[in-house]
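# Examining the three-dimensional arrangement
Read off the chains here:
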Amino acid sequence: VLNWDNSESKVIDTQKIGKIVIHQIEGALPPEGSEIIGEIDWGRRVALMKNHTATHILLASARKILGEHVWQAGTTKGVERSRLDITHYVRLTDEQIQKIEEESNRIVTSNIPVKINWVKKEIAESHYNFSLYQGGVVPERKIRVVNISDFDAQACAGVHCKTTNEIGIIKIVKTERIQDGVERIFYAVGDSTLKYIREIEHKLKKITKILGCSM
């Protein structure tokens, strides 16, 4: 939000044009010459940091378990739920999903530093190869590399945790086939995982009550 005097407007989008950041707001415009204070919704920002870092970890885990043919085909980082689309030639099995989840959480609990550096493009490509560009090729001469102990390195401009342990836990909620050769993985991270588990427990209790049995 943007605050000035006793007024406030919500920022709904930002776009960088050259060296200027344009803010699209919902509400009144501040009068010209006003002193403005911007406030970040830190709860939302931290949730996005966890989900974004978890996306890198899930992708790296999927490549380790399934093979290096796996490539990111799309992703959406949310607050409550996120999704990752990966290339894979057959439907994921329950065993593969479990292994990807276990490997992801092994990385999380290993408390690995998440390092962010600006690196010359040719140096980054020679060191990490073109798997850097899971999210697409970056046209700049210097690229921002997000590196999780060489387990995963990607050219990425997003917000991230400082260590993998900050994520808490990663839970794969479900998977589905969205087109030939592309699997979609839905997952919850951190506090959202606890909410998901509580939802499952609530449903199980309702089912056991109907069936007259115990959990």
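Here, the structure is the one placed above.
The structure presented is a predicted model; accordingly, all values stated were derived computationally and were not measured.

Ordered in space as S3-S2-S1-S4, the four strands form an open sheet in which the pairing is antiparallel. Of all the strands in the sheet, the pair left with one neighbour each is strand S3 (20-26) and strand S4 (37-38). In this sheet, S4 lies alongside strand S1 (residues 2-4) in antiparallel orientation, the contact comprising two bridges. Residue Asn3 lies in a different strand from S4, and its bridge partner there is Ile37.

Below, the discussion takes up the pairing of strand S2 (residues 7-17). Note that S1 and S2 share three bridges and pair antiparallel. Bridge pairing in S2 links Leu2 to Ser9. In this structure, the hairpin formed by S1 and S2 is closed by a connection of two residues, where Asp5 is found at a positive phi of approximately 45°. The pairing of S2 with S3 spans seven bridges and is classified as antiparallel. Its bridge partner being in S3, Thr14 is matched across the sheet by His23. Between S2 and S3, which pair antiparallel in sequence order, lie two residues; one of them, Gly18, sits at a positive phi of approximately 65°.

Here is what the cut-offs are and how they apply
Residues numbered from 1 in each chain as written. Predicted model: local features only at pLDDT ≥ 70, side-chain atom pairs only at ≥ 80, totals over all residues. Heavy atoms only, no water. Pairing = 2+ DSSP bridges. Helix = DSSP H or I, 4+ residues; strand = E, 2+ residues; numbered from the N terminus.

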